[in-house]
Amino acid sequence: MSVDVPALVARLRQLLGATAVLTDARSLQLMASDLYASGPLPLAVIRPVDDTALDAAVAAITASGASVVPRGGGLSYTGGYACEPERSVVIDLSALDRIEHISVEDMYVVAQAGVTWKQLYDALSPLGLRLPYFGTFSGAGASIGGGLSHGALFFGSARYGSAADNLLGLEVITADGTRLRTGQWALKADAEPVFRNFGPDTTGLFTHDGGAFGIKIRAAFRLIPLPAHTGFASFAFADFAAAGKALSAIARVGLAEEVYVLDAGAVAANVERERSASAAWRALRLVLGTARGIGGKLKATAGLIAAGRRVIPDNAFTLHLVAAGNCREAVEHDLAHAQALASAQGGSRIAATVPRMARADPFPGLNAVLGANGSRWAALNVKVAHSRAAGLIAAHQRLIEGHHAALQAHGVRVTYLCSALCSYSFSFEAVFHWHDAWHPLHEAKVDAALLASFAVPEANLPARALVARLREETCALFAALGGASNQIGRTYPFVEVLDEAPLALLRGIKQQLDPKARMNPGVLGL
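Rules of the game
Residues numbered from 1 in each chain as written. Predicted model: local features only at pLDDT ≥ 70, side-chain atom pairs only at ≥ 80, totals over all residues. Heavy atoms only, no water. Pairing = 2+ DSSP bridges. Helix = DSSP H or I, 4+ residues; strand = E, 2+ residues; numbered from the N terminus. Contact = heavy atoms within 4.5 Å. Axes fitted to C-alpha atoms, helices over the stretch in contact; angles between N-to-C directions. Buried < 20%, exposed > 50% of the residue type's maximum accessible area, 1.4 Å probe, protein only. Phe/Tyr/Trp six-rings, centres within 6.5 Å; stacked < 30°, edge-to-face > 60°. Parallel < 35°, antiparallel > 145°, perpendicular 65-115°, else oblique. Left-handed = near helix turned anticlockwise from the far one by under 90°. Nonpolar A, V, L, I, M, F, W, Y, C, P; charged D, E, K, R; others polar.

**Topic: the sheet that holds strand 2 (residues 44–46)**
Alright, step 1. As summarised here, the arrangement of the four strands in space is 1-2-4-3, forming an open sheet in which the pairing is mixed. Of all the strands in the sheet, just strand 1 (21–22) and strand 3 (67–71) have a single pairing partner and so form its edges.
Alright, step 2. Relative to the sheet, helix 3 (residues 54–63) contacts strand 2, strand 3 and strand 4 (88–92), its axis offset from that of strand 3 by approximately 135 degrees.

**Re the pairing of strand 18 (residues 425–434)**
Alright, step 1. The buried fraction of strand 18 is high, at ten of ten residues.
Alright, step 2. Residues S425, S427, E429, V431 and H433 line one face of strand 18 and the alternating positions F426, F428, A430, F432 and W434 line the opposite face, and both faces are buried.
Alright, step 3. Bridging between strand 16 (residues 376–384) and strand 18 involves nine bridges; their strand directions are antiparallel. For K383, the partnering residue across the bridge sits in strand 18 and is S427.
Alright, step 4. Across nine bridges, the pairing between strand 17 (residues 413–421) and strand 18 is antiparallel. When the sheet's bridge partners are listed, T415 is paired in strand 18 with V431.
Alright, step 5. The loop that links strand 17 with its antiparallel partner strand 18 comprises three residues; one of these, C422, has a positive phi angle of about 60 degrees.

**A closer look at the environment of V89**
Alright, step 1. With respect to the element layout, V89 can be found in strand 4.
Alright, step 2. Exposure remark for V89: the relative accessible area of 0% places this residue in the buried category.
Alright, step 3. Between the C-alpha atoms of V89 and A111, which are 22 residues apart in sequence, the distance is 24 Å.
Alright, step 4. If near-sequence neighbours (up to four positions away) are discounted, V89 is found in contact with L8, A44, I46, I61, A66, S67, V68 and V69.

**Description of the packing of aromatic side chains**
Alright, step 1. Scanning all chains against the criterion turns up 18 aromatic pairs.
Alright, step 2. Seen in terms of ring centroids, Y36 and W434 are 6.2 Å apart; in terms of plane orientation they differ by 70 degrees. Their pairing is edge-to-face. Here Y36, found in the loop between helix 2 (25–31) and strand 2, pairs with W434, found in strand 18; they are 398 residues apart in sequence, far enough to count as distant. Each member of the pair Y36 and W434 is classed as buried.
Alright, step 3. With 5.7 Å between their ring centres and 80 degrees between their planes, Y121 and F363 make a pair best called edge-to-face. One end of the pair, Y121, is in helix 4 (residues 117–124); the other, F363, is in the loop between helix 13 (353–360) and strand 16, and 242 residues separate them in sequence.
Alright, step 4. Of the residues examined, F363 reaches a relative accessible area of 5% and is grouped as buried.

**A short note on unusual backbone geometry**
Alright, step 1. With a phi close to 55 degrees, E86 is a non-glycine residue in the positive phi region.
Alright, step 2. Residue position: E86 is located in the loop between strand 3 and strand 4.
Alright, step 3. Despite not being glycine, N373 shows a phi value in the positive range, around 60 degrees.

**Focus on the packing of helix 14 (residues 389–401) against helix 18 (residues 461–480)**
Alright, step 1. Across the interface, helix 14 lies against helix 18 with an axial gap of 11 Å and an inter-helix angle of 155 degrees. If you check the angle between helix 14 and helix 18, you find them roughly antiparallel. For the element pair helix 14 and helix 18, the recorded crossing hand is right-handed. Packed against helix 14, whose contacting residues are L392, A395, H396, L399 and I400, the element helix 18 presents L470, E473, T474, L477 and F478 at the interface.
Alright, step 2. Considering only residue class, the contact of helix 14 with helix 18 consists of seven nonpolar, two polar and one charged.

Rendered as structure tokens:
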């Protein structure tokens, strides 16, 4: 079925208004790329400022024979919103950016899908509240809709899990324009969305789906009070395996809101940023802002001075954690327990500058979508049981070592970030860095002054091909080890690795909700 593009664009402008429908080349190119790859251009982009006619717009798109591709903040690298050739309309949800209701009495918040994690954090903090899991590194631009579609995690995840684990209900538009709610929101009667599992968990059906089952337009999350006390600790290890074992030990007993391991290369660019006097002064102000009382501020300042410009010791793997609670003595107990567990694996205490600064300014902007000197990067992640972490670390290091000569020849680097997802899951992330031509998304998100300080890179096809091969081999390794990934998009195998019965169930749900396969076709392999 061919799409009558002029008629469809006219209908969408009638429904949404002329300014909400974009067909210019720049907008189409931007919406066709993520941080790793660019694909076919969409037929059009719609960017509604409210959702009143969005159901009718979705119905018009799918009835025309076009497919619908939902897009949040766009800061992914797995092809989650790749378009079909000459067939897709991208729904850019970034203008649905209103926090609609905060209930201090019932401890929930309702926000539209385009709201960023930073927006929520900034709105809730003055009320003494926050989400339990409260955002990812890219939370200044990453949206809650995208995060729920792709499994966002980090700040708070060691204790509270991912974004989806803290979700109470969703409002979704399916392929034919049907609008539905989940959880307690699904009742005919007016009800607050405070109980997710009202019967089968239909809320979970629409999380981590990459937009395969419907377009999220608003979400309700549970809230917690801001912890009264927060503590920080960092430890250095001689090798990756020991740091990973310490992470698992700390996670298993629930000592931290986040606990993560970095190698020295993973923070090299951040260290470079702290070399100027103005950056160092900003770092000091951020650190002081997280310390309570004059004693705490003096201690924090001394730690920062002691760390100097070498936040990460040379060639070390470092573990960083944040402990929090409503009792100072309990936080200090957790930090002492964490130190004992880290010491048992050979860890030595270092200044806790990294976790303190990460918490002081969790959403600093999006300049980090480019790496040092304007380099590109893309990550791959996997979740395994703690008992499989050491084997995974060793296997991936062997995989990378097998490409040592090519990595050296083409200037490709690999760094690592590992973290805890609750007490039971070890999150492993390999990050590939290389110099290559930027995508439109890089240029749109990085501050113009910083972008101008870099030499504009040329296409680097050999490095690009090597990174593609490393990503393919890494995904195959993850699958062979029985790992699960978030932000699956079109990169990780999904339907290929599922057992027959759960796959049949998912295909049946997809058929029920989207019989003509017009909702982000191909994502998850569906």
